[in-house]
Amino acid sequence: MEKMGVLMTCPMFSYLEEQLNKRFNLFRFWLTPNKAEFLTQNGDSVRAVVGNAFFGADSELIDALPNLEIVSTYSVGLDKIDLGKCKERGIRVTNTPDVLTDDVADTAIGLTLTTLRKNCVADGFVRRGLWKNGDFGLTTKFSGKLVGIIGLGRIGSAIAKRAEAFGCPISYHSRSKKPNVNYKYYSNVVDLAANSEILIVACALTEETRHIVNRKVLNALGPKGILINIGRGAHVDESELVAALIEGRIGGAGLDVYQTEPDVPERLFGLENVVLLSHAASDTVETCTAMADLVVANLEAQFLHKPLLTPVL
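From a predicted model like this one, the values you see are computed outputs, not experimental measurements. (Residues numbered from 1 in each chain as written. Predicted model: local features only at pLDDT ≥ 70, side-chain atom pairs only at ≥ 80, totals over all residues. Heavy atoms only, no water.)

Peer 1: Before we move on, can you summarise the overall build of the protein chain with the specific residues and values?
Peer 2: Each helix and strand counted, the protein chain has 11 helices and 12 strands in total. What you see for the protein chain is a C-alpha radius of gyration of 21 Å, in line with the 20 Å of a compact globule of 313 residues. Judged by the C-alpha coordinates and their principal axes, the protein chain covers about 65 × 50 × 30 Å. For the protein chain, buried positions account for 50% of its 313 residues. (Helix = DSSP H or I, 4+ residues; strand = E, 2+ residues; numbered from the N terminus. Rg over C-alpha atoms; globule rule 2.2 N^0.38 Å. Buried < 20%, exposed > 50% of the residue type's maximum accessible area, 1.4 Å probe, protein only.)

Peer 1: Go over the pairing of strand 3 (residues 46-51), please, and point to the residues and values.
Peer 2: When you tally the buried positions in strand 3, you get 5 out of 6 residues, the bulk of the element. Relative to strand 3, strand 1 (residues 5-8) runs parallel, the two being bridged by 4 bridges. Paired with Gly5 across the bridge in strand 3 is Val46. Of the pairings in the sheet, the one linking strand 3 to strand 4 (residues 70-73) comprises 4 bridges and is parallel in character. For Gly51, the partnering residue across the bridge sits in strand 4 and is Thr73. (Pairing = 2+ DSSP bridges.)

Peer 1: Could you give an account of the environment of Val190, naming the residues involved and the relevant values?
Peer 2: When you line up the elements, Val190 lands in helix 8 (residues 189-194). Distance from Val190 to Ala220, taken between C-alpha atoms, is 6.1 Å for residues 30 residues apart in sequence. Apart from residues lying up to four places away in sequence, Val190 is in contact with Lys216, Val217 and Ala220. (Contact = heavy atoms within 4.5 Å.)

Peer 1: Let's hear about the sheet that holds strand 1: which residues, and what values?
Peer 2: The parallel open sheet is built from 5 strands, whose spatial order is 2-1-3-4-5. Each edge of the sheet is formed by a strand with only one pairing partner; in this case those strands are strand 2 (25-28) and strand 5 (92-94). Averaged over all neighbouring strand pairs, the angle between strand axes comes to 20 degrees, with direction disregarded. On top of the sheet, helix 1 (residues 14-23) reaches strand 1, strand 2 and strand 3; it is set at about 135 degrees to strand 2, its chief contact. Where helix 11 (residues 285-303) meets the sheet, it contacts strand 1, strand 3, strand 4 and strand 5, and its direction lies at approximately 165 degrees from that of strand 4. (Axes fitted to C-alpha atoms, helices over the stretch in contact; angles between N-to-C directions.)

Set out below in structure tokens:
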């Protein structure tokens, strides 16, 4: 398999890059000064693309690779891959589900606690020596809060299980009501928000879920409500979110994802009721290693004509 050309779209976990380089003829796309020229000269040699949540395989890239067999993304999300083009060309697609579920769910709960309890602000309060002048002040309890989850898939269900341990009543919205689930179902996101104190976005990004959290949803969540987003930035109308936070129409937000990463609205930086992460919910050594191993295993399965481990197409 050393001769199999694999195109890695951008820098990722160094372990993944090392494993790909050991097994295949690895092309590091981000190091090419002239990408069009590179594709003209090497496009025929590329049999696989390894992308991630930032840089996948769009229609233009796929068209430039006539012998492409598989796109193996180092992510769960598929929104950076032109699935229609892949299906049309018979190109296989795999992702890395399950292995990152726990870390992302843990991060959702961590963001919720950190936002409600203002842990980041409290940390700065102590470091600046302000505690000597008086106590930090009161924050908001998490246990028992009404938690609404948009998307009750693997990650959404794992978040619900964790929130239940805090005594939180759970409700959810998804495309349809889930069988064998005791949580309250809302067919309308506005109604879910109106009946939630914490609203967590955990669904896949599709055309239907783009800006699923809009002005109406934020207004329904209300001035004491908290928004947590560990899905994709485009799930939320970001300009409306910024306005709602500044105007006090919602109580706060914990965000791991943004609309045009790595650019984050600067108006969020000065808000003490907002916690900001760098799309790092799954970024632990353990999970990233498992994700990398899964990417490599899918590529090896494809080239050895064996069943894929996590096929999407």
